[in-house]
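# Breakdown of the fold
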2 protein chains.
Amino acid sequence: MVAYTDFLTTDSLSQYEDSDKYTKEWVPLIEKYRSDLAAATPEELKVKLPKDFDALVEEQFNPLEYLYSEKLLTPEEFALTDSSASSLASRIAAGELTAVQVFKAFSKRAVIAHQFTNCAMDFFIDEGLKRAEYLDEYFKKNGKTVGPLHGVPVSLKEHMNYKNRITHGGYVSLLKNVPKTSSATVQILEDLGAVYYIRTTQPQTLMHLDSANNISGLTRNPYNMSLSSGGSSSGEGAVVAFGGSALGVGSDIGGSIRGPAAFSGCIGLRPTSKRVSLNGGVSSGAGQESVPAVIGPFARTVEDIDLWMKSYVNEGKPWLVDPNSLPMPWRPVEAPDAKSLTIAVMYDDGNVRPSPAVTRGLNFTVEKLKSAGVNVVEFKPIRTKEAYETVHKMYNCDGNYMQRKLLAASGEPLVKLTKWSLNYGNGEKNYTVKENRELNVIRDSLKQDYNDFLLQNKIDFILSPTYNNAAPRSEEVFNWSYTSLFNILDFPTLVFQTGLKQDPKIDVWPAEAANYTYRSELEKLENENYIPENFINAPIGLQLSGRRYFDEEVVAAGKTIVQILGADLLKH
Amino acid sequence: MVAYTDFLTTDSLSQYEDSDKYTKEWVPLIEKYRSDLAAATPEELKVKLPKDFDALVEEQFNPLEYLYSEKLLTPEEFALTDSSASSLASRIAAGELTAVQVFKAFSKRAVIAHQFTNCAMDFFIDEGLKRAEYLDEYFKKNGKTVGPLHGVPVSLKEHMNYKNRITHGGYVSLLKNVPKTSSATVQILEDLGAVYYIRTTQPQTLMHLDSANNISGLTRNPYNMSLSSGGSSSGEGAVVAFGGSALGVGSDIGGSIRGPAAFSGCIGLRPTSKRVSLNGGVSSGAGQESVPAVIGPFARTVEDIDLWMKSYVNEGKPWLVDPNSLPMPWRPVEAPDAKSLTIAVMYDDGNVRPSPAVTRGLNFTVEKLKSAGVNVVEFKPIRTKEAYETVHKMYNCDGNYMQRKLLAASGEPLVKLTKWSLNYGNGEKNYTVKENRELNVIRDSLKQDYNDFLLQNKIDFILSPTYNNAAPRSEEVFNWSYTSLFNILDFPTLVFQTGLKQDPKIDVWPAEAANYTYRSELEKLENENYIPENFINAPIGLQLSGRRYFDEEVVAAGKTIVQILGADLLKH
């Protein structure tokens, strides 16, 4: 049995922690933050939990199923919150719905989502209601909307600056950080008509595909409370999949949109870099540009991902406020005919073997696609180990300087996966510029190889697992190789749902796997963690990646694929 | 009096040089290279120099004036070589001209340009002629062109890979480097119909605004042989301004397109990064992305700059071969009405005071623009000293590792301005990634400030000097602050000609300048170098900069401005 601690080599992790300082100066702030959050969670919107929270976790409780079976919402509330954002926006714009009516339904469902999944860092439902009222008045008075997202309830990952509200990004040391203005993207979406009321959880350092942090604790999976909702956009995955917001906003440098979307059971897009503005937020990555972070959307339909991107880019025009954003319009691209598509499938990236559930999801999808006429070919991974090792070095090549600065300021305890990610690459080695440039050269040659592969073989997209497992258990997600590949390549990548869920009866290692020889200790650690009985109902979500800057084509093909799979997340 | 050597602090410059190795192993290769170049320069196209070359340098000889006064070309050759590339391309496409006819005129003029300015590194006129013949046959057979540049004679800065030809980038150690394929951009332009026959000079290390190197020596200014043609696209400036090619291709990381265009008397565009592919060429900057290098066009009309960019981007589609190139179409933008424009003028960047000639050029331009109805406002430089210091640090923040590698491999002697540029920033200090990220943060905040300034004040463009002097004397160009500002900002910048030339009778420091207090030793060094009698006829070219990625608007406004100034470079 491999222990994750075998991988930890960074000797100076103790330099981050200061138990005395933390307890004395910061724990009171955490307690205040938590009680403020509790106070901001309206009692009248809460439901009674069927059992004690810990008992629900223990029994792998499925809150989404419970929501429907127990009819925790009224039929009207269900109808509204199980509408697509596109439909809500157009019905509000047609005067068929009010923003207030929509808001009330979503805020109620968001509160229930939070009760079961612990997805909220920050609630401000009163403000959201006032905003919805204002939008209704505006519409009544002017006979038109403020923009294409008029009245759409939108959730926000917490680390993006929000004017006059604490913005900590999962770092205890930033619990006093109150920005005066919202981040560029938060402001743009607001100007387009979004209604805000919830900001959602993320892990300590933002560098986990999980949710653990010292401020709000773990975020739970809406399909199985013992599982992780993913990370680092932990709360976005949970709240959007649960139906507590119509659209979400997350960020991704190693899988932080795609992990939560896949694990929690919704849809997420990691756009190509520089299409969505990063200006104004908390992260350890200021000035880091070897592997670009991106902000991107969460939704329950691919059409809504399209709505988000189209509205944001074409009407939000982020380049007017951010010279690092590309003035590249979001092109209208029709969902392609299945028969026109060639998709290469990566069954295994050569680093960590996917679990039987993931393989079943891939095989199911491939069969459906083939039946619909898609030309499916096998993708033999290109330099995936090198990509994995290179991107890991890039994450930490400032010697974790910024992480140490942000963590050591409060002396907060390092959670398990923080220690893990601080050990990526060469851990505390502060690279020289010469060494960093060498990594960039490897990265560019990887981009070139993948681009050439796609073009020379006339392959439109790569279909791959999002992770070697479906949703993992909390604090047990170690391998990023399936997602981080597309960060180092900077390829737009959509996570969609197959509609399948993990089933411990079916998803067992095949008999021949008994003789499997692990290709690495990491693979052994990950594969040994897969005990079928522990992952009941974990959603099986996959990745679809396309060429850099061709986000529109990826989203359009996603529509076709979801249509073929019949995986409608709004139907329960 | 300030000596440039006072600025040199890099102790280890001697580690680059190895006189014995250089003399024994490399000088023979240089001699072979030079004799090959001489042999490739057709005798039958040469003219007789009016005097010994050195005597012409001494007397500040103006070869362009001589070309016309002595009628060194036939009337037909003049007519062809003083046509715009746009006109040539459309007349070839209409069957009114042949590619061979055009090629013969340009290759003759290119040879004369080389005789006076030493602008060529590599001639292959026979191959060019065969290519022109092939294109004519193709046209005859198919009744159409291969692309929008069918038959246009194009010159290439040498450091871009050219298949099966030595590509050294000014480094002696690369005299054996023979790439098997051409660089992405060379291949794209060829596919569009360009005819190649000359590759042009650049300085040692590519990091001078001048031309000195150990392979071909200095490149001379086509308006005054004692002056520099600029650099690092030294030969491009000279050959295009002289009319020896219809379009040129250079590169720019600190002013290397704009310096040569301004000094030599033509037009050049530094596009925003990632619009033109950098793939495949010699430079010390692999993996360096703090301050992006760019490739861009030279021409004698702004319409030709537009043709180059439009053809290259929209038909060349560099993103098909280079995943780092933006699939951002070149938008059609009409030349704006003068009355619709607001232009902010930078009379002095606060670092180095412009010479009287440059100030006269600015004042002349401003008066003309105002008369035409342009709203001209004064631009008070924003953080220009910080920008200058930051970009200088960025150039060398690998501790000159790559430069040392490329230079020390041959042990070639360091020319004066190589020593100068190796001392930029902190010279040999190999920055850590943490430190480099801090520079990137400064850069991004500069971009933000300039972007905000333009948008918030509704200013369309910034008009500025290209350098604090008109064309400098060779090996006497120390300050990059006017050009490198737009490299760190990554703002598209067009250099155009005012039509004015330095005149020692007019361009003297005003009386009140006697009491001028130098703001820095660099300013003193630069200003003391301005002795009006030394710069006779130096062209006065200025910069027009716009917002990042809005290259089309900059080029369109350039058309309006050149029209207002009446500075037609095709009329002599």
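Rules of the game
- Residues numbered from 1 in each chain as written.
- Chains lettered and ligands numbered in written order.
- Predicted model: local features only at pLDDT ≥ 70, side-chain atom pairs only at ≥ 80, totals over all residues.
- Heavy atoms only, no water.
- UniProt positions renumbered as here; feature names shortened; annotations may be inferred.
- Helix = DSSP H or I, 4+ residues; strand = E, 2+ residues; numbered from the N terminus.
- Buried < 20%, exposed > 50% of the residue type's maximum accessible area, 1.4 Å probe, protein only.
- Contact = heavy atoms within 4.5 Å.
- Salt bridge = Lys/Arg side-chain N within 4 Å of Asp/Glu carboxyl O.
- Buried area = accessible area lost by both parts, 1.4 Å probe.
- Polar contact = N/O pair within 3.5 Å; in protein donor to acceptor, adjacent residues only side chain to side chain.
- Pairing = 2+ DSSP bridges.
- Axes fitted to C-alpha atoms, helices over the stretch in contact; angles between N-to-C directions.

## Overview of the UniProt feature "binding site: substrate" (unreviewed entry) in chain A
Residues and elements named next belong to chain A. The residues that UniProt annotates with the feature "binding site: substrate" (unreviewed entry) are Leu206, Ser232, Ile253, Gly254, Gly255 and Ser256. These annotated residues cover 51 residues of sequence, but their C-alpha atoms sit close together, with the largest distance between any two at 10.7 Å. Here leucine 206 shows up in the loop between β3 (195-200) and β4 (220-221). Here leucine 206 falls in the buried class, since its relative accessible area comes to 8%. Residues contacting leucine 206, with those up to four places away along its chain left out, are Lys157, His159, Gly169, Ser232, Ser256, Val282 and Ser283.

## Digging into the pattern of salt bridges
Residues and elements named next belong to chain A. Within the structure shown, the criterion is met by 70 salt bridges over all chains. A salt bridge links glutamate 127 to arginine 165, with the shortest nitrogen-to-oxygen separation between them at 3.2 Å. Of this pair, glutamate 127 sits in helix α7 (residues 125-142) while arginine 165 sits in the loop between β2 (153-157) and α8 (184-191), placing them 38 residues apart in sequence. Residue class for glutamate 127 comes out partly exposed when judged on its relative accessible area of 43%.

## What about the interface of chain B and chain A?
On the chain A side, the residues contacting the 43 residues of chain B number 43 residues. For chain B, the biggest contributors to the area lost against chain A are Pro323, Val433 and Arg437 of chain B; these three give 20% of the whole. Among the ionic pairs, arginine 437 of chain A bridges to aspartate 398 of chain B, the shortest N-O distance being 3.3 Å. Linking chain B to chain A there are 22 residue pairs in polar contact (both at pLDDT 80 or more). Contributing elements (two or more residues each) for the side of chain B that touches chain A: α13 (384-395) and α16 (433-456) of chain B. The biggest single contributor to the side of chain B that touches chain A is α16 of chain B, with 13 residues.

## A look at the sheet that holds strand β8 (residues 294-299) of chain A
Residues and elements named next belong to chain A. With respect to topology, eleven strands assemble into an open sheet ordered β1-β3-β2-β6-β8-β7-β12-β13-β11-β9-β10, the strand pairing being mixed. Looking at which strands have only one partner, the edges of the open sheet turn out to be β1 (120-123) and β10 (375-378). Averaged over all pairs of adjacent strands, the angle between strand axes in this sheet comes to 30°, irrespective of strand direction. Looking at chain direction, β1 and β3 are connected through three bridges and run antiparallel. Each residue of the ladder has a partner; that of aspartate 122, found in β3, is arginine 199. Against the sheet, helix α12 (residues 356-372) engages β9 (342-345), β10, β11 (461-465), β12 (493-501) and β13 (539-545), with an angle of about 100° to β12.

## Brief notes about the UniProt feature "active site" (unreviewed entry) in chain A
All names here are of chain A. Taking the UniProt record as the reference, the feature "active site" (unreviewed entry) is found at Lys157, Ser232 and Ser256. Judged by maximum C-alpha separation, these annotated positions cover 100 residues in sequence but sit close together in space, the widest gap being only 10.7 Å. Tracing the backbone through its elements, the reader meets lysine 157 in strand β2. On the accessibility criterion, lysine 157 (1% relative accessible area) is buried. Beyond its immediate sequence surroundings of up to four residues, lysine 157 is in contact with Thr200, Gln202, Leu206, Ser232, Ser233, Glu236, Val249, Gly250, Ser251 and Ser256. When you line up the elements, serine 256 lands in the loop between β6 (247-252) and α10 (258-264). If near-sequence neighbours (up to four positions away) are discounted, serine 256 is found in contact with Lys157, Leu206, His208, Leu209, Gly231, Ser232, Ser233, Ser251 and Phe298. For serine 256, the side chain forms a polar contact with the side chain of serine 232, separated by 2.7 Å.

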